[in-house]
Amino acid sequence: PEAFRRDYAEDRGLAGFIDSACCGLGVVGFGLVALLFYVLGHRRGIFPWHEGLKVGLLAGAVSLAATINALPLYKAFYDTTQSYALFWINQLAYTFAAFFVVSGMIMVLWAGGRYLARRVWPLHDPILPRGDDPWISLAGATWRGLALAGISAGYLVLFYWIATGVLGGWSPIDSPPVGLYATPLPALAALRNGLIPALNEELVARLVGIGLLLALTRKKWLALLIPGLLWAFAHSGYVRHPIYMRGVELTFIALLYGLVFLRYGLATTIVAHMAYNAGLTALPMLRAGQPGLVANGLLIVAMLLLPLLIGAVRWLYRRLRASPSPSEASILPATERSLAALSRLDPGRDWAAWLADPAAVVLCLVADQAARDRPADAARPLAGVAAGRLEAGGLG
């Protein structure tokens, strides 16, 4: 009916405004903060310009592969009044431009966000907690993230059961994007739908958003609530009635993810976000009953479990190959007599200059309990060294 169409258009217009306003304040605003800290960090010599490039290239490569995989579907959008060659030139230009945009955006968010986080959490890495082996740490983040994704899915079912069945809300039943399943390798679409939003949104809303609000207000509840609300209501473009239903739904998720981020690190929430999004695309494949689609769905499951498997293998290997540790170790200040041992441990560094610098300190780890009170020298091999220098502006 015409009255319904008018009301629906008015609803959608207001939802679009809320979506755009929250994206502008949250995604664009926090993104510009990350860019500012990226420029500051590079200009101060804290990190090189290509900091975060590996993560950016990984995201860009996934986006590029998924777009190339979907190129056969683009023929459906060809306008026969247009030159066929120009149509494909435009599609390929867009494909490769998207690769550079995604790579650059993730690189800036990663590097700028980490530099901001270093000012807020100077004693630990807020992305992946430090450990003896990064793969073991990533495995821990993976199983926590998969558990969090399962909790999110259960919460989603409960929320919409109450919102639509009890409170009278309306949410249309979405059909899966069936076109993606007609591509040569549908798993790439699921991987892209999981990885790119997970990296973008977790870096912006959690790492930069919470970090910035903590730095400005020093109030944990405010740092969780404001970025969480902006992230949640930036999803108001989804068709729901009332229009704030999606925002309310995701506000609880944002608060939960924020608490998990502060406790376990950003890698956990990235895995959870990726597993949830990729699972929505992979689930119809697993239920399709067609061997090729089922294989693609299982491929996504394997990708999500891969860090967990690698971490478990490395942990088991370290347990089996572990050698007994010395009963005591000494941390001693380095002296000129330590130069030969330091040069053997790390020959690429000018240790004489470090020892002569009054703004620097060098400490030696000596696994020798028999001579704790003697300075580290060339006759005693070093187990490790830690060195720090105070730079201009009070940065270490």
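Reading the values: the criteria
Residues numbered from 1 in each chain as written. Predicted model: local features only at pLDDT ≥ 70, side-chain atom pairs only at ≥ 80, totals over all residues. Heavy atoms only, no water. Helix = DSSP H or I, 4+ residues; strand = E, 2+ residues; numbered from the N terminus. Buried < 20%, exposed > 50% of the residue type's maximum accessible area, 1.4 Å probe, protein only. Contact = heavy atoms within 4.5 Å. Areas by Shrake-Rupley, 256 points an atom, 1.4 Å probe, with all protein chains shown as cover. Lys, Arg positive; Asp, Glu negative; His and termini not counted. Charge placed at Lys NZ, Arg CZ, Asp CG, Glu CD. Pairing = 2+ DSSP bridges. Polar contact = N/O pair within 3.5 Å; in protein donor to acceptor, adjacent residues only side chain to side chain. Disulfide = S-S within 2.5 Å.

This part is about the overall build of the chain. Per the secondary structure count, the chain includes eleven helices and three strands. Along its sequence from the N terminus, the chain presents helices and strands in the succession α-α-α-α-α-α-α-α-α-β-α-α-β-β. The principal-axis extent of the C-alpha atoms belonging to the chain is close to 90 × 50 × 50 Å. Of all 396 residues assigned to the chain, the portion counted as buried reaches 40%. Pairs at least 24 apart in sequence give 74% of the contacts found in the chain among residues at least 6 apart. Total accessible area computed for the chain in this model is approximately 22000 Å², and 67% of it derives from carbon and sulfur atoms. Of the charged side chains in the chain, 32 are positive and 23 negative, and the gap between their average positions amounts to 3 Å.

Turning to the pairing of strand S1 (residues 330–333), a few remarks are in order. Residues of S1 alternate between two faces, with Ser330 and Leu332 buried on one and Ile331 and Pro333 left unburied on the opposite face. As paired elements, S1 and strand S2 (residues 360–366) share four bridges and run antiparallel to each other. Directly across from Ser330, in S2, lies its bridge partner Val366.

Looking now at the side chain of Asn69. Note on placement: Asn69 falls in helix H2 (residues 53–69). Reaching out from Asn69, the side chain makes a polar contact with the side chain of Thr183 at a distance of 3.0 Å. Setting aside residues no more than four positions away along its own chain, Asn69 makes contact with Thr183, Pro184, Leu185, Pro186 and Leu188.

Moving on: the state of the cysteines. Taken as a whole and assessed by the stated rule, the structure comprises zero disulfides. Residue Cys22 stays outside any disulfide, its sulfur separated by 7.3 Å from that of Cys23, the closest cysteine. Taking relative accessible area as the criterion, Cys22 reaches 12% and is therefore assigned buried. Judged by relative accessible area, which is 26%, Cys23 ranks as partly exposed.

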